[in-house]
Amino acid sequence: MTGIVGLFQEFVNLMDPAILLVLFSATLLGVIIGALPGLSATMGIALLTGLTYKFPIEYTFAILMGVYVGAIYGGSMSAILLNIPGTASAAATALEGNPLAKKGMAETAIKVTRAASIVGTFIGVVALATIAPPLAKVALMFTSPEYFMLALFGVLICGSIVTMDIPLKGWIGGVIGLLIAMIGMDKIDGASRFDFGLVELMGGISMVPAMIGFYAIPEVIKAFAKSSDDIEIGKAKDVVKQNIPIWGTVFKNIRLVVQSALIGLGIGSLPGVGEDVAAWVGYDAAKKTSKHPEKFGTGSLEGAIAPEVSNNSAIGGAMIPMLTLAVPGSPPAAVLLGALMIHNVRPGPMIMRDNPGFINYIAALLFLAVLALWIAGILLAKPMSMILKVPTVYLMPIVSVLSIVGAFAISNNPFDIIIALVFGVLGYLLDKMKYSPAPIVLGIILGPMIDENFRRALMVSKGDPSIFFTQPISLFFFVIICLTIFKNLSSSSKKSKKINLSE
Amino acid sequence: MKKGLFLLLLTTLALTGCGGETEKVKAEYPERSINAIVPFGAGGGTDVWGRAIMDGMATELGVNIIVSNVTGGSAGSTGISRVWNAPHDGYTLACTSETPLTIPVMTAITQTSNDWIYFIAAGSPGVLMVNKNAEYTTMDEIMAQLKKEPQSISIAGTVGGLWFAQAKLFDTYGDMPFNWLPYDGSGAALKGAVSQEADCVVASAGEAKDFMRSGDLIPLAVMELEAWHMPTVGNIPSVTEYLPQLAEYLPLNQFLGFKVPADTDPEIVAKLEEAFQATMDSYAIEIFANEQLATIYNLTGEEAKKYATQLESNLCWILSDMGTTTFSPDERGISR
């Protein structure tokens, strides 16, 4: 009961015209960022975290949450109009959205995916507001062995799911991230590691500059490396006049909506596995459970609804472990975690004591962002085909300037610019070799947690490793870790057997 | 286009010309806004105190003071060296706590307290606390148990700096061999003690006040030479009542304030001192200190210097004896 009162209280607090205007503009900006190929939700949040560092905290999070929600939806617009998903999370939407546009139903497709995104985000908000506060209390029972197992599980699961070809690459990425995380003073003995005699490295790698490096700079390099070709951009207008009720279509498929939302929530709350995977799984499940699976791939509205509900409900899902355990559920949530820390909000089990209203505040912001998304979506539907014509030649210089300014602004430290650039080049090379940045970034974030809690757990038990297997929560995660490794090893050995047979 | 460019060039020239002119005339300090650099993150003790002091001083001096956080390095060394490398003209101040006193023994930077002029505002005392559900909840029981069975009781703390030195005093000089459990920051250490992963914890009273008030943590002793009365909790005895031998390593106090390089023009230092004193006498600071459970020290000039040098010596030597420093205090001219 107090939860609902608290949530209502936060709504009242947010009813400030300035905050609402900021939230609305941020959502609008988010939709554009999401729609423009090459600009992703994660990149948008990473850049804005740096740029909004000096703003009062209530504006900062209105901006970041608005961009998050807007960008996850915005990707579907370019998926429909261009057949290029603006963000990775809209890749599944492109499979159905673009055929619909080719059939002359672009406007209907945009409206239906918008409605699906709104419903998805809303379900995510409800889950966040109801699950997170009690979960934070359970999280108080987490001690060092539990944190170690959870963080290790996070890096492994993210590595095995998010990878572009084989799970091993995701795990290698995770290990690279863990190694990067070891740079600087350790938290147990205060010894400086891998600092190469540089005073600047003694404090460790700053999180936000590293993320700007991994998510923004590779896109700039890619834009220079690739020759631009003319793309055909459809107009967001129905050629075929058909009267399809938008909300009716969404609510007619209520079973599909609920199924996709649950998938989105579940996958969103897995550490580091975010909106893009949620969208694929949601799409796949929709295809398998549909009465008309043959229509999938040719412009099925069901197929357009499912991934959009999943990826938007994954936002709420990703925020739950981020706020209660300080383990981000998705790459954008990982950047948000960094943003929270530099604004001195410490997510984790103590959040209900340190910042009692914060979970409700984020839930309320997300809810208002849903409303903002509704309006922003309507406003941007028509001009979007114009916006998408902006060539990358103009776009990428802006991104590069924002990257440098964003990396510098957080601690006014020129060394952070070098960090962003070095990780940018590294990110580009790894991207060329088909390594996903998500497990690397998660490794950087969870690395100190793994290192510190592993060693402290052994200090508590005075060197006895059984402490990891004798506490129920820790044992539970250990079993899941074993299952994850076993499943991936067996499936990849099957794959290689298949390849051998076909040869 | 060309006209615009020409205009821009002209404006720039004009501006730089004017700038050069005014610099020649020695103006009354302060003639422009002042930068204050906080070497730690926003929201921490150094930051909130730095901002509160600078807010008051800006009013006194009649100029803006822009507070920015420059984090990184060890013990705040990035921010502190930024101030040292800026001109020593009173326009760049360093907000500080006691932690940067360990920079000379932790990093390759050689400036010690002799190279700075300190303005010390306040500090919150350190308290040894125990979880209410622990097996032994009084100082005497804990001391007896540790004597009987070393390492059977654990103590949570942070790595490096003041709270580390305080927690390690028991082990090193107090004949209380605790099992040491380090955490990343005082907040995490307190959480470790509240969730009973650790039995005891040492942290500042300001940070631990909610847990002591809710009864989750029982205060055992204050790390000061005298007993301390904590509002709404009551009297907390001095640690020296149980362990008189620790007296020679105290005071090991937290302090918050700011500093400027020692070779700053004495006239400027005098101006800063005046503004600082006026700020410390204000009602706003008194209320702020009460909220933060801090004791006001209000030290400047020789007094502040003596205080900082004494604390620097205690802190650096204790850390050095524990083997956690990179350089010996001797090397840096810090006497024992």
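Our structure's up above, just so we're on the same page.
The structure contained in this document is the topic of the report that follows. Treat the numbers as computed from the prediction; the structure is a model and nothing was measured. (Residues numbered from 1 in each chain as written. Chains lettered and ligands numbered in written order. Predicted model: local features only at pLDDT ≥ 70, side-chain atom pairs only at ≥ 80, totals over all residues. Heavy atoms only, no water.)

1. So, the overall build of chain A
For the record, the criterion: A run of H or I in DSSP counts as a helix once it spans at least four residues, and a run of E counts as a strand once it spans at least two, with each numbered from the N terminus. Restricting the calculation to C-alpha atoms gives the radius of gyration, and the globule rule supplies 2.2 Å times the number of residues raised to the power 0.38. With a 1.4 Å probe rolled over the protein chains alone, any residue whose accessible area is under 20% of its type maximum counts as buried; one over 50% counts as exposed, and the rest are partly exposed. Contacts are residue-level and defined by heavy atoms, with any inter-residue pair within 4.5 Å sufficient. The Shrake-Rupley method, run with a 1.4 Å probe, gives the accessible areas here. Residue values count only the displayed protein chains as cover. This count recognises Lys and Arg as positive and Asp and Glu as negative, with His and chain-terminal groups excluded. The atom standing in for a charge is NZ when the residue is Lys, CZ when it is Arg, CG when it is Asp and CD when it is Glu.
Counting secondary structure elements, chain A contains 23 helices and two strands. Expected size for 503 residues packed as a compact globule is a radius of gyration near 23 Å; at 22 Å, chain A falls within 12% of this value. Across its three principal axes, chain A shows a C-alpha extent of roughly 75 × 65 × 55 Å. Taken across its 503 residues, chain A has 58% of its residues classed as buried. Across chain A, the fraction of contacts at a sequence separation of at least 24, relative to all contacts at a separation of at least 6, is 80%. Of the roughly 20,400 Å² of accessible surface on chain A, 70% is carried by carbon and sulfur atoms. Of the charged side chains in chain A, 34 are positive and 29 negative; the average position of the first set lies 8 Å away from that of the second.

2. Looking at the packing of aromatic side chains
Quick reminder of the rule: When two rings of Phe, Tyr or Trp (its six-membered ring) have centres within 6.5 Å they constitute a pair, described as stacked for plane angles under 30 degrees, edge-to-face for angles over 60, and tilted for the intermediate range. The criterion is that NZ of a Lys, or CZ of an Arg, lies within 6 Å of the ring centre and within 35 degrees of the ring normal, and then a charge sits over that ring.
The final tally for this structure, using the stated rule, is 26 aromatic pairs over all chains. Between Phe153(A) and Phe477(A), the ring centres sit 5.9 Å apart and the planes meet at 40°, which makes this aromatic pair tilted. One end of the pair, Phe153(A), is in helix α7 (residues 144-162); the other, Phe477(A), is in helix α23 (residues 472-502), and 324 residues separate them in sequence. For Phe477(A), a relative accessible area of 11% corresponds to the buried category. Ring centres of Phe454(A) and Phe468(A) lie 5.4 Å apart, and the angle between their planes is 10°; on these two criteria the pair is classed as stacked. In this pair, Phe454(A) sits in helix α21 (residues 437-460) while Phe468(A) sits in helix α22 (residues 467-470), placing the two residues 14 residues apart along the sequence. A residue is classified by how much of its surface remains accessible, and Phe454(A), at 33% relative accessible area, is partly exposed. Residue classification places Phe468(A) among the buried residues on the basis of a relative accessible area of 4%. Site record: aromatic cluster; members linked through ring pairs are Phe148(A), Phe454(A), Phe468(A), Phe469(A) and Phe478(A). Above the ring of Tyr435(A), the side-chain terminus of Lys169(A) is found at 5.3 Å from the ring centroid. The ring of Tyr91(B) has Arg32(B) lying over it, and the distance from NZ or CZ to the ring centre is 3.9 Å.

3. Thoughts on the environment of Asn488(A)
Residues and elements named next belong to chain A. Position of Asn488 relative to the elements: it lies in helix α23. Residue classification places Asn488 among the buried positions, given a relative accessible area of 12%. Between the C-alpha atoms of Asn488 and Ile157, which are 331 residues apart in sequence, the distance is 9.9 Å. Aside from chain neighbours lying at most four places away, what touches Asn488 is Ser160, Pro167 and Trp171.

4. Focus on empty space enclosed by the protein
Our working definition: In the cavity and pocket records, a cavity denotes points on a 1 Å grid over the protein atoms alone where a 1.4 Å probe fits but cannot get out, a pocket denotes an open set with protein on both sides within 12 Å along at least 5 of 7 lines, and lining residues are residues with an atom within 4 Å of a point. Grid points are joined across faces, edges and corners, and a volume is the space filled by probe spheres set on the points. Throughout, the ten residues Ala, Val, Leu, Ile, Met, Phe, Trp, Tyr, Cys and Pro are labelled nonpolar, Asp, Glu, Lys and Arg are labelled charged, and all others, Gly among them, are labelled polar.
Counted under the stated rule, the structure contains two cavities of 30 Å³ or more. Considering only enclosed or pocket space, the largest cavity measures out at about 70 Å³ in volume. Forming the boundary of the largest cavity are 13 residues, of which Pro100(B), Pro104(B), Gln111(B), Trp116(B) and Lys259(B) lie nearest the centre. Contributions of two or more residues to the lining of the largest cavity are made by α4 (103-106) and β4 (116-123) of chain B. The residue makeup of the lining of the largest cavity, split by class, is eight nonpolar, three polar and two charged. As for the second largest cavity, its lining consists of Cys158(A), Tyr215(A), Gly272(A), Ser330(A), Pro331(A), Ala334(A), Ala438(A), Val441(A) and Leu442(A).

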